[in-house]
Amino acid sequence: MHLKVPAPLDPKFYPLEIALREYEADVKQSENTCDFAVTILRNQGYCDDYSLRIFKDGVDKRTVPLLDRLVKTLLWARGGYKIVTFGSDEVHAHLKAAYQPGGERAFDADFMATVYERPFEVEKAETLADARRSVSSASSVGRHLNGCRIGFDAGGSDRKVSAVIDGEAVYSEEVVWHPKTQSDPQYHYDGILSAMKSAAAHMPRVDAIGVSSAGVYIDNKIMVASLFLKVSKEDFARKVKTMYIDVAREIGAPVEVANDGDVTALAGAMELNAGNVLGIAMGTSEAGGYVDKDMNITGWLNELAFAPVDLCENAMQDEWSTDIGVGCKYFSQDAVIKLAPAAGIELDENLSPAEKLKVVQALMEKDDPRAQAIFESIGAYLAYAVVLYSQFYDIEHMMMLGRVMSGKGGDTILRVCNEILADEYPALAKKCEVSLPDEKTRRVGQSVAAASLPRIK
């Protein structure tokens, strides 16, 4: 494997996209191949598939680990409670064992079972057609700007809230908090309520509340969210699941809750007035979201933080999922922190991750070459991830948000990413624009887009 433009501080970075291209090129030169297909089933009968030609069982040792990564990417991009495969007994047996309790993908299976509230399964299809099914839906979301609205954006390091009157933010505030380290859900409730009241005080009334928050939400209920990582399962079920509904009831207004990645995409679509937008927010973790050509959301999970991007055997491990080489360690403040030692930057271990990021960003503003190398490396990560994501999304605009993308560091990430795309993937570069939002959208775009979520009846 040879990258034309490697990540300067991560010479062993082996993009999943490159591995896939190399494998597919070798498959085309062989006669020992067969069709492989996988379908992921989710709620209400919806499903999404992925297919390619692969080597027959026993021919190439790359097949099983590569298909493991591709199936996992589809699973986290779309979401679902059942994997159905066709074409390889070896791959099927591997997935069957991996997604069992105690298996390599037990976290993924448990997460999906929690989201969709049914046991996770891996099945084998009898025919290729059975594993090549796609049934999707799309629904309009947001872009409602009338009335007096609260827009709340719950991040892992800070929470933002805006008071929005007829589409204009008349007040915004940003408060540092530490939800991921708190086991008492009252901490979260009090912080959310305080933000809502702060915004409400700057409007004559509150007609509706829109919430952008990391995690998975169904009917405004919190199904899974990293903000409540330390909260026990018992307290989560009793006090967390309906927290946004409960806070809205106390404020006295209807609420609409959406994944922060989808709101990122919505904010980008609102700024561009265009669809087929993949939004990526680089903050405490990686948040992904997508709106289709009609500016509708698809019901897909879009949890790209857990989607693999690097096949390096020594890739950094994610503490939550315990997997390695997944997006949250490449497109978040963790990516900056993990690259700092290679750049020769020592960070005080007593600092929080957000504070460590600020140290590196301060160096970047002074054009420190060590910090420059960190953000150039993340730009290389991003370029190859864009190509990978384009296998699963129709992307015409890729909107980058989040605290990692601020300042000169964000400009450098964007520059390197677009240079690699233009040089190595000119067709995709021509179709897909990777960009930052304008300054207004950067400051309050996420919370204003969140405010636009509810329809006022």
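Here the structure is a predicted model, which is why all the values come from computation and not from measurement.

Account for the sheet that holds strand 7 (residues 158-165), naming residues and giving values.
The strand order across the open sheet formed by five strands is 8-7-6-9-12, and the pairing between neighbours is mixed. Strands with a single pairing partner mark the edges of an open sheet, and in this sheet they are strand 8 (168-176) and strand 12 (255-259). Adjacent strand axes in the sheet meet at a mean angle of 15°, parallel and antiparallel pairs treated alike. In terms of strand pairing, strand 6 (residues 148-154) meets strand 9 (residues 208-213) through six bridges, oriented parallel. Note that in strand 9 the partner of I150 across the bridge is I209. Sitting on the sheet, helix 5 (residues 185-200) touches strand 6, strand 7, strand 8 and strand 9, and the angle it makes with strand 7 is about 30°.

So what's going on with the sheet that holds strand 13 (residues 277-282)? Residues and values would help.
Strand order in the open sheet formed by four strands is 14-13-16-17, and the pairing between neighbours is mixed. Since the sheet does not close on itself, it has two edges, and those belong to strand 14 (286-291) and strand 17 (433-435), each with one partner. Ignoring strand direction, the axes of neighbouring strands in this sheet form an average angle of 15°.

Could you give an account of the pattern of salt bridges, with specific residues and numbers?
Across all of its chains, the model carries 31 salt bridges by this definition. Residues D26 and R62 are paired through a salt bridge, measuring 2.8 Å at the closest nitrogen-oxygen approach. Pair noted here: D26 is in helix 1 (residues 16-28) and R62 is in the loop between strand 2 (47-55) and helix 2 (63-78), with a separation of 36 residues, a long-range link. On the accessibility criterion, R62 (29% relative accessible area) is partly exposed. Across the salt bridge formed by R62 and D60, the nearest N and O atoms sit 2.9 Å from each other. In the salt-bridge network here, residues are joined through shared partners; they are D68, R69, K72, R105, D108 and D323.

Mind laying out the packing of aromatic side chains, listing which residues take part and the relevant values?
Centre distance and the angle of the planes are the two values used to describe a pair of aromatic rings. Applying the stated criterion across every chain yields a total of 23 aromatic pairs. Judged by centre distance (5.3 Å) and plane angle (25°), the ring pair of Y99 and F120 falls under stacked. Taken together, the residues span a long stretch of sequence, with Y99 in the loop between helix 3 (89-98) and helix 4 (106-116) and F120 in the loop between helix 4 and strand 4 (121-124) at a distance of 21 residues. One exposure class covers both Y99 and F120, and it is buried. Taken together, F13, Y330, Y381, Y384 and Y425 form an aromatic cluster joined through their ring pairs. The ring of Y81 has R118 lying over it, and the distance from NZ or CZ to the ring centre is 3.9 Å. Directly above the ring of Y330 sits K338, whose terminal nitrogen or CZ lies 3.6 Å from the centroid.

Go over the nonpolar core, please, and point to the residues and values.
Counting residues in each nonpolar core, the largest one holds 108 residues, and the members touching the most others are I374, I378, Y389, Y393, M398 and M400. Excluding residues that lie within four positions of it along the chain, I374 makes contacts with L9, V336, L339, A340, A343, I345 and V360. Judged by nonpolar contacts, the second largest core, of 32 residues, contains W177, M196, F228 and V255.

Quick one: what's the story with the packing of helix 2 against helix 4, residue by residue and with numbers?
The geometry of a pair of packed helices is captured by two quantities: the angle between their axes and the separation between those axes. At a closest axis distance of 12 Å, the pairing of helix 2 and helix 4 adopts a crossing angle of 25°. Classified by the interaxial angle, the pair formed by helix 2 and helix 4 is roughly parallel. Crossing of helix 2 against helix 4: the hand is left-handed. Packed against helix 2, whose contacting residues are K72, L75, W76 and R78, the element helix 4 presents F107, D108, F111, M112 and Y116 at the interface. Looking at side-chain class alone, the contact of helix 2 with helix 4 contains six nonpolar, no polar and three charged residues.

Calculation notes
- Residues numbered from 1 in each chain as written.
- Predicted model: local features only at pLDDT ≥ 70, side-chain atom pairs only at ≥ 80, totals over all residues.
- Heavy atoms only, no water.
- Pairing = 2+ DSSP bridges.
- Helix = DSSP H or I, 4+ residues; strand = E, 2+ residues; numbered from the N terminus.
- Axes fitted to C-alpha atoms, helices over the stretch in contact; angles between N-to-C directions.
- Contact = heavy atoms within 4.5 Å.
- Salt bridge = Lys/Arg side-chain N within 4 Å of Asp/Glu carboxyl O.
- Buried < 20%, exposed > 50% of the residue type's maximum accessible area, 1.4 Å probe, protein only.
- Phe/Tyr/Trp six-rings, centres within 6.5 Å; stacked < 30°, edge-to-face > 60°.
- Lys NZ or Arg CZ within 6 Å of the ring centre and 35° of its normal.
- Core = buried A, V, L, I, M, F, W, Y, C linked by side-chain atoms within 4.5 Å.
- Parallel < 35°, antiparallel > 145°, perpendicular 65-115°, else oblique.
- Left-handed = near helix turned anticlockwise from the far one by under 90°.
- Nonpolar A, V, L, I, M, F, W, Y, C, P; charged D, E, K, R; others polar.

These results come straight from atomic positions and should not be treated as a statement about function.
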